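Summary of the model geometry
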Amino acid sequence: MSDLKLRSSAQTTISEQSFRMDRLLQDEDFLEEDSIDLRHYWLVIRQYQWRILLLAMVVTVLVGLVVFAMKPIYRSTATLLVEGKKSKLLSIEDVYSMDTSQAQYVQTQFEIIKSPDLARKVIKRLMLDTHPEFNQMKSGNESQPFWKEWLATLPALIPDKSENTEVDEATKAEERLLTDFLNRLTVKPRGETQLVDISFDAKDPKLAREVINMLGETYIENDLDARLEATRKAAEWLSERLQTLKHKLAVSENNLQDYLAQEHLVDLEGVLTLSAKEIEKNTETLAGVRQARIEAEITYNKIKSGHRIEEIPEVMRDPLIHDLKNKEADLARKQSDLAERYGPEHPAMVAVQSERVAVHESLEKQLAIIASSIKSRYEITSANEQAVLSSIEGNKSQVQKISRKQTRLGELYREVESNKKLYETFINRFKEANEAAELGATNIRFIDKASTPLTPEKPKKKLILALTFVGMIFLGVLIALVLDYLDSTLKSPDDIERKLDQPFLGVIPSLNRLRNQPEELGQVVAHEPRGAFAEAVRTIRTGLVLSALDSMHNIWMITSSFPGEGKTTLAMNLAQSLAQLDNGEKRVLLIEADLRRPTLAKRFQLPLKAAGLSHVLALHAKLDECLHPVNGLALDVLPAGMPPPNPLELLASRAFASLLEELEKRYSLILIDSPPMHAVSDAHWLAQHVRSVVYAVKADATSTKAVKDGLKMLERFGAPLAGVVLTQMDIEKSKRYGHGEYSGYYYYQTAYGADETSTS
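Rules used in this analysis
Residues numbered from 1 in each chain as written. Predicted model: local features only at pLDDT ≥ 70, side-chain atom pairs only at ≥ 80, totals over all residues. Heavy atoms only, no water. Buried < 20%, exposed > 50% of the residue type's maximum accessible area, 1.4 Å probe, protein only. Helix = DSSP H or I, 4+ residues; strand = E, 2+ residues; numbered from the N terminus. Pairing = 2+ DSSP bridges. Contact = heavy atoms within 4.5 Å. Axes fitted to C-alpha atoms, helices over the stretch in contact; angles between N-to-C directions. pLDDT = per-residue confidence, 0-100. Expected span 1.5 Å × (residues − 1). Salt bridge = Lys/Arg side-chain N within 4 Å of Asp/Glu carboxyl O. Core = buried A, V, L, I, M, F, W, Y, C linked by side-chain atoms within 4.5 Å. Parallel < 35°, antiparallel > 145°, perpendicular 65-115°, else oblique. Left-handed = near helix turned anticlockwise from the far one by under 90°. Nonpolar A, V, L, I, M, F, W, Y, C, P; charged D, E, K, R; others polar. Patch = residues over 30% accessible without salt bridge, like charges linked within 9 Å, V, L, I, M, F, W, Y side chains within 5 Å. Areas by Shrake-Rupley, 256 points an atom, 1.4 Å probe, with all protein chains shown as cover. Polar contact = N/O pair within 3.5 Å; in protein donor to acceptor, adjacent residues only side chain to side chain.

We now examine the pairing of strand 9 (residues 635–638). Here strand 9 shows a buried face lined by Leu635 and Val637 and a second buried face lined by Asp636 and Leu638. As paired strands, strand 8 (residues 628–629) and strand 9 are joined by 2 bridges and run antiparallel to one another. Note on strand 9: the bridge partner recorded for His628 is Val637. Connecting the antiparallel pair strand 8 and strand 9 is a turn made up of 5 residues, with Gly632 showing a positive phi of about 80°.

Put into structure tokens, the structure is as follows:
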């Protein structure tokens, strides 16, 4: 039990390391998968090459039948010169807006050539409605395509013609004729020139020539008529316009004279200059007056705010105030001296006091006078400032009024001048138009007239057939690549390596002659040891033996995705091939682990009730009684035995693990034929006991997804993959499809077949 756990742990560790390595190489694998495999594409093309050629040949033949049944179409071509600029005696382009010097004019002429109106004129002149080539279309008796006749049975899809009875049949026929005519017409300008080639296709070569020549002549006449008509209409329009302009000029002149008389205007420029000078002078005066008003206002505000008037600088600078202050100071000193000697009632003290009071009253009176003068000066300067401002505003109003009059007068003058110039211009154009009406010249002419074509223009039979063949080849290749992309099966070793990225062990060829003989098919290696089948098995054997040289755990499991993929046939033949090795060691054992559908006993021709694996595990039979040797080989077979009711429980039991340990001691190599991966889960348990797994894939049958899913399951249970074997491969089919790597099988089959014939 401990050995089994250690072995399982080791296998899990190996699986984890392999998983980490796969993650590290993920980017490299992604790049390899996205790379383009040209060799694979070439093999796909080789595989479908005959079908591609058959498709191309069949379609080319059908197209050839249609092309050779078509009536040839002839093309006649003429060349016209459409000059974008020409010399003229008069310049009348501005009148009717036709500037022929511009490239748009030339392009416009190309479109005019293809116009329905010009086509109708040609149809009418040549009476094409009666021509046999067009008469059939006009009659409307041509047979309808079969699909239209079939759709006519569905009223919901095809409208009822009775609903459109108001449409004239003649109009329909005319429109069909016009449409067919325009479809046959081709207009092609030559690059970097003023030349244009016009072509017409018709079954009658003479008709093609006549139509092109008539179309060119009609176009030239139409252009000349258009120019003359434009000139005539321009002259008529100019005549009417001149009368209007003349009346408009007279009205504008009368309006100018009336305005001058109404406003009594003579010299507005002089009045405007004088007013501007007055504004400039008043502005200068306003600056001085405003400065005086500001100074007076400052002094007056000091007096109003209670400031001592005698401390105002202007008052202090007054000489009278200065003298009174000095005199009052002298009297104060004198009174102070007398007070030291006399009392207050002394006559001298009284006289000085009376004089001092008189001087003080004079000072106060003078200060009041000065304050009144300051107030008067402030009021006078304010009044002067307002007067100057009023004068300036009056001057501005006068200037604005004069400017409005001048603007209006200028408008009237400009209107008169504009009407006068326009009138004179139209007079000159009117004279030019009258003279140009008598001149007629066109800037369009023939360079090469159409000739009768000798060779048909279409259909180009050789070109159509060649293009059809090449196109079908490309289409066939595309279809082949798409089919290969949609095909998810594995057909070749190249698919194994490219789609699965897994080791490839070999190919087991298909033996159709033994398809219904499973007993013989399982022993081909023993019965036909020199055949291609046996050689293929030996190739697989060699790869497995070389991979197990350094291992003591040589239990291999052979499985597949689904039943019927040849895993049991592979297991039987591989076991017999391993038993043929003359190595002098132990024998080889083949275990049938598919307990649900056992076949080994029958295919090895053992007794129907031969003891097997289920007897050992469920009935505790002796192991030696359940092992059956194969005559002539160092090979023993352990068949499934009697189908048990619980196969999975038996394979997952401890008894099965112990049985494998016992068998591994007896045999050098053990092969386990397991059930398919997707059918039951038995193989998942078996994978835990083996050294490696051989995965059988049926060629051209098993899908890539199924195989990948099976390999993922094995990887999840820690079973290393020895490689993939492609079974039941049709070698002849692969040879036809170009898979040259299988040529060795033909060599073996041919060589050994010859030897067997000679010996027999």
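From this point on, the discussion continues.
Relative to the helices and strands, Asp484 resides in helix 16 (residues 461–486). In sequence terms Asp484 and Val44 are 440 residues apart; their C-alpha atoms lie 7.1 Å from each other. For Asp484, the residues in contact, after removing those within four places along its chain, are His40 and Val44.

A few words on the sheet that holds strand 6 (residues 555–560). Think of a sheet as strands paired side by side through backbone hydrogen bonds, with each pair either parallel or antiparallel. The 8 strands are arranged 5-12-11-6-10-7-9-8 in an open sheet whose pairing can be described as mixed. Bordering the open sheet on either side are strand 5 (504–509) and strand 8, each of which pairs with just one other strand. Two strands pair when backbone bridges link them, and strand 6 and strand 11 (residues 692–698) are joined in this way by 5 bridges, in the parallel orientation. Bridge pairing links Met557 to Val693 in strand 11. Docked against the sheet, helix 28 (residues 704–716) engages strand 6, strand 11 and strand 12 (721–729), running at close to 170° with respect to strand 11.

What follows covers unusual backbone geometry. With an omega dihedral of 5°, the bond running from Lys458 to Pro459 counts as a cis peptide bond. Residues other than glycine seldom take positive phi values, yet His620 does so here, at roughly 55°. Here Asp700, not a glycine, exhibits a phi torsion of approximately 60°, which is positive.

Turning our attention to the confidence of the model for the protein chain. Atomic detail in the predicted coordinates should be set aside for any region of low pLDDT. Summary statistics for the protein chain give a mean pLDDT of 76 and a share of 76% for residues scoring 70 or more. Across residues 1–34, where pLDDT falls below 50, the model places 18 contacts with residues more than four positions away in sequence or in other chains. Confidence over residues 740–760 falls short of pLDDT 50; this stretch has 26 contacts with residues more than four positions distant or in other chains.

Another aspect to go through is helix 20 (residues 532–547). Taking 1.5 Å of rise per residue, the 16 residues of helix 20 would be expected to cover 22 Å, and the 23 Å separating its terminal C-alpha atoms lies within 8% of that figure. Among the residues making up helix 20, those that are buried are Ala532, Phe533, Ala534, Glu535, Ala536, Val537, Arg538, Ile540, Arg541 and Leu544.

Let's shift gears to the pattern of salt bridges. Under the definition given, this model contains 21 salt bridges. Among the ionic pairs, Arg75 bridges to Glu457, the shortest N-O distance being 3.8 Å. Within this pair, whereas Arg75 is found in strand 1 (residues 74–82), its partner Glu457 is found in the loop between strand 4 (444–448) and helix 16, the two being separated by 382 residues in sequence. When salt bridges that share partners are traced, they join Arg75, Asp201, Glu457, Lys458 and Lys460 into one network.

Moving on to the nonpolar core. Formed by 46 residues in total, the largest nonpolar core has its most connected members in Ile591, Leu613, Leu638, Leu663, Ile672 and Leu714. Ile672 has contacts with Ile555, Trp556, Met557, Ile558, Ile591, Ala593, Leu660, Leu686 and Val690, leaving out every residue within four places of it along the chain. Membership of the second largest hydrophobic core comes to 39 residues, among which are Leu633, Leu635, Leu669 and Ala722.

Helix length check: helix 26 (residues 654–666) (13 residues) gives 19 Å between terminal C-alpha atoms against 18 Å at 1.5 Å per residue, within 8%. Looking at helix 26, one finds that the buried residues are Phe656, Ala657, Leu659, Leu660, Glu661, Leu663 and Glu664.

Turning to the packing of helix 4 (residues 49–69) against helix 16, a few remarks are in order. It is at 8 Å that the axes of helix 4 and helix 16 come closest, and there the two elements cross at 150°. The orientation of helix 4 with respect to helix 16, classified from their angle, is roughly antiparallel. Once helix 4 is placed against helix 16, the crossing between them reads as right-handed. On helix 16, the residues touching Ile52, Leu53, Leu55, Ala56, Met57, Val59, Thr60, Val63, Gly64, Val67 and Phe68 of helix 4 are Lys461, Ile464, Leu465, Thr468, Phe469, Met472, Ile473, Gly476, Val477 and Ala480. Residues belonging to the contact of helix 4 with helix 16 are distributed by class as follows: 16 nonpolar, 4 polar and 1 charged.

To continue, consider the sheet that holds strand 1. Read from one edge to the other, the open sheet built from 4 strands follows the order 2-3-1-4, with strand pairing classed as antiparallel. Of all the strands in the sheet, just strand 2 (185–189) and strand 4 have a single pairing partner and so form its edges. For this sheet, the mean inter-axis angle between neighbouring strands, taken without regard to orientation, is 30°. Examined bridge by bridge, strand 2 and strand 3 (residues 195–202) share 5 bridges and lie antiparallel to one another. Opposite Val187, over in strand 3, you have Ile198 as the bridge partner.

Relative to each other, helix 7 (residues 116–126) and helix 10 (residues 169–184) sit at 105°, their axes nearing to 10 Å. Between helix 7 and helix 10, the angle falls in the class roughly perpendicular. Here Pro116, Ala119, Arg120, Val122 and Ile123 of helix 7 lie close against helix 10, whose contacting residues are Glu174, Glu175, Leu177, Leu178, Phe181 and Leu182. Looking at the contact of helix 7 with helix 10 residue by residue, the classes come out as 8 nonpolar, no polar and 3 charged.

Another point: a nonpolar patch on the surface. On the surface, Leu475, Leu478, Ile479, Val482, Leu483, Tyr485 and Leu486 cluster together into a nonpolar patch covering about 710 Å² of accessible area. By secondary structure assignment, the location of Leu478 is in helix 16.

For the rest of this paragraph, the subject is the environment of Asp129. For Asp129, the location among the structural elements is in the loop between helix 7 and helix 8 (132–139). It is 7.4 Å that separates the C-alpha atoms of Asp129 and Leu177, two residues lying 48 residues apart in sequence.

In this section: the pairing of strand 7 (residues 588–592). Within strand 7, 5 of the 5 residues are buried, leaving the element largely enclosed by the surrounding structure. Alternating residues of strand 7 divide into Val588, Leu590 and Glu592 and Leu589 and Ile591, and every residue in both groups is buried. Relative to strand 9, strand 7 runs parallel, the two being bridged by 4 bridges. Among the inter-strand pairings, Leu589 is bridged to a residue of strand 9, identified as Asp636.

Mapped onto the secondary structure, Asn573 falls in helix 21 (residues 567–579). Looking at Asn573, the relative accessible area reads 0%, which means it is buried. Only 2.7 Å separates the side chain of Asn573 from the backbone oxygen of Thr569, close enough to count as a polar contact. Those residues in contact with Asn573 that lie beyond four places of it in its chain are Leu521, Gly522, Gln523, Val524, Val525, Phe533 and Val537.

So, on to the environment of Phe200. Tracing the backbone shows Phe200 in strand 3. The spatial distance from the C-alpha of Phe200 to the C-alpha of Thr186 is 6.3 Å, given a sequence separation of 14 residues. Residues within four places of Phe200 in sequence aside, it is in contact with Tyr74, Arg75, Ser76, Phe134, Phe181, Arg184, Leu185, Ala208, Val211 and Ile212.

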